[in-house]
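Single-letter residue listing:
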Number of protein chains: 2
Amino acid sequence: MTSDTAAQPRDIEAAIFSAVDSCVTQWGWDKVTMDDICVTAGVSRATVYRLFPGGRDVLFEAVRLGKLEDFFTAMRANVEGSESLEDLLVRCIVVASSELQHDEHLAMMLATVPGETLGDLTVSGLGRIVRVATAFITPLTDEFIPADEAAHIVEVMCRLVISYYLSPSPTLDFANEDATRTFVRTFLLPNTSSVVVTQ
Amino acid sequence: MTSDTAAQPRDIEAAIFSAVDSCVTQWGWDKVTMDDICVTAGVSRATVYRLFPGGRDVLFEAVRLGKLEDFFTAMRANVEGSESLEDLLVRCIVVASSELQHDEHLAMMLATVPGETLGDLTVSGLGRIVRVATAFITPLTDEFIPADEAAHIVEVMCRLVISYYLSPSPTLDFANEDATRTFVRTFLLPNTSSVVVTQ
DNA sequence: GACACTAAGACAGAAACTGTCTCAATGTCA
DNA sequence: TGACATTGAGACAGTTTCTGTCTTAGTGTC
């Protein structure tokens, strides 16, 4: 790094995040050491610990929060301006599924309780995904249906998204908008009181 | 475990070998522990150490030797009965390339010196592959061309096989016999004195 | 019932990892 | 130029993990 100009802290942080990602992809959470991350990021040990005081746990938690923030930011941006419940649900499903397919660690992040050691995606974590996602999405349905109805339908939707992510179907890809729209009309909307389904 | 009849030692050995393979695929040589292997093989620690006295090094060396044996056995079986130099070279290339493509760790095994820690496939290891393969194949050419000529052409062949394995070409697959035959006629046979190339 | 074999796990010593620290090198800014 | 900030390199102790050996109890075979 003789010829480099001084890197900005933000760049270094990004390099470290990216290193965590590729290290975890290569070896899994359990097997990654701080040195692996340092070497991959091309950064010294001291730098990592200075940027993330508290070490491994703090770093991994930061990565987790970063991913969740990105996820929900993408959700919010894509869902904004939905003009019908159908639209809202379709967009939620498509964005969530796309994000999940795009980032192989995201599901585990969503499923992990803060402070918990990151390992494999466990069954108990699924409930957490459902709760978090339901809590995030339900308020968005306010203008279309009553809250009590929303809670139910949103939970069903979340469960379906997770199920199709964990075990993809050859006949239905939730990242595909048209297919998802048909699915929403068939399975979700009929269960709402205040929406007329037009075919 | 409870309902199983007693497993034969050979079965256990095979299970351990297979566990090494899948563990290494998952985590890489450096990150695999003996416990990983035991758990994956569904076998206790004591059993592994009894079957491979000397522990980790001995086990890994056994895996290495096993793979090399399989490789050269396959080579020998497929090359036997070649009726021309062209035939011999084509078969060598096809078998070697197929085996390499089929087993992702084989190249590293070939490249590793006995006793050396198994890590990544290093550049210095390539020379070893070339030497070993050349030493194995050259004698087989005895009946077709003089030894001094063989040494040269076989080395070129080995280098090409390795190169195409490490960096596959979209236009040529050495596992394909017809394509390989054309290649051999074009690039290898013209350099021999005693063979008439027929198009 | 003797025998062979294994799982489970305790154990000490070795090795690896973590987190903190110091120091020199480098780049920035006044 | 000199004060300041930031980084890389690596030493360091404490902790954790891993290794290889060993003992014990359980199971199936002859």
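One structure accompanies this document, and this report is about it.

Calculation notes
- Residues numbered from 1 in each chain as written.
- Chains lettered and ligands numbered in written order.
- Predicted model: local features only at pLDDT ≥ 70, side-chain atom pairs only at ≥ 80, totals over all residues.
- Heavy atoms only, no water.
- Near = heavy atom within 4 Å.
- Polar contact = N/O pair within 3.5 Å; in protein donor to acceptor, adjacent residues only side chain to side chain.
- Helix = DSSP H or I, 4+ residues; strand = E, 2+ residues; numbered from the N terminus.
- Nonpolar A, V, L, I, M, F, W, Y, C, P; charged D, E, K, R; others polar.
- Salt bridge = Lys/Arg side-chain N within 4 Å of Asp/Glu carboxyl O.
- Buried < 20%, exposed > 50% of the residue type's maximum accessible area, 1.4 Å probe, protein only.
- Least-squares fit on C-alpha atoms with pLDDT ≥ 70 in both.
- Contact = heavy atoms within 4.5 Å.
- Core = buried A, V, L, I, M, F, W, Y, C linked by side-chain atoms within 4.5 Å.
- Domains from an automatic or database assignment.

## Topic: the protein's contact with DNA strand D
Right, so step 1: Close contacts around DNA strand D come from 17 residues, with Thr-47 of chain A together with Met-34, Arg-45, Tyr-49 and Arg-56 of chain B the closest.
Right, so step 2: Take Tyr-49 of chain B: an N or O atom from its side chain is 3.0 Å from a phosphate oxygen of DNA strand D.
Right, so step 3: If you list the elements that add at least two residues to the surface near DNA strand D, you get helix H3 (45–51) of chain A together with helix H2 (34–41) and helix H3 (45–51) of chain B.
Right, so step 4: Class assignment for the residues of the surface near DNA strand D results in six nonpolar, seven polar and four charged.

## Focus: the pattern of salt bridges
Right, so step 1: Counted by the stated rule, this structure contains 22 salt bridges over all chains.
Right, so step 2: Between Asp-36 of chain B and Lys-31 of chain A there is a salt bridge whose closest N-O contact spans 2.3 Å. Pair noted here: Asp-36 of chain B is in helix H2 and Lys-31 of chain A is in the loop between helix H1 (9–27) and helix H2 (34–41), and the two residues belong to different chains.
Right, so step 3: For Asp-36 of chain B, a relative accessible area of 16% translates into the label buried.

## Looking at the relation of the copies chain A and chain B
Right, so step 1: Of the transformation placing chain A onto chain B, the axial shift is 0.1 Å and the rotation is 179°, giving an RMSD of 0.1 Å. Taken together, the rotation angle and the small translation identify this as a two-fold axis. Measuring from the rotation axis to each C-alpha of chain A, the shortest distance belongs to Trp-27 of chain A, at 2.5 Å.
Right, so step 2: Both copies contact each other with a shared surface, as 100% of the interface residues of chain A are interface residues in chain B too.

## Focus on the side chain of Arg-181 of chain A
Right, so step 1: Tracing the backbone shows Arg-181 of chain A in helix H9 (residues 177–188).
Right, so step 2: Setting aside chain neighbours within four positions, we find Arg-181 of chain A in contact with Glu-86, Asp-87 and Val-90 of chain A.

## Observations concerning the nonpolar core
Right, so step 1: Grouped together as the largest cluster of nonpolar side chains are 61 residues, with contacts concentrated most on Ile-16, Val-20, Ile-37 and Leu-59 of chain A.
Right, so step 2: For this core, the secondary-structure elements that each account for two or more residues are H1, H2, helix H4 (56–79), helix H5 (85–102), helix H6 (106–111), helix H7 (123–137), helix H8 (147–166) and H9 of chain A.
Right, so step 3: No fewer than three residues from each of domain 1 (7–51) and domain 2 (63–191) of chain A sit in this core.
Right, so step 4: For Ile-16 of chain A, the contacting residues outside a window of four places in its chain are Ile-37, Ala-41, Val-43, Val-48, Leu-51, Phe-52 and Leu-59 of chain A.
Right, so step 5: Among the nonpolar cores identified, the runner-up in size contains 60 residues, and Val-154, Met-157, Val-161 and Ile-162 of chain B belong to it.

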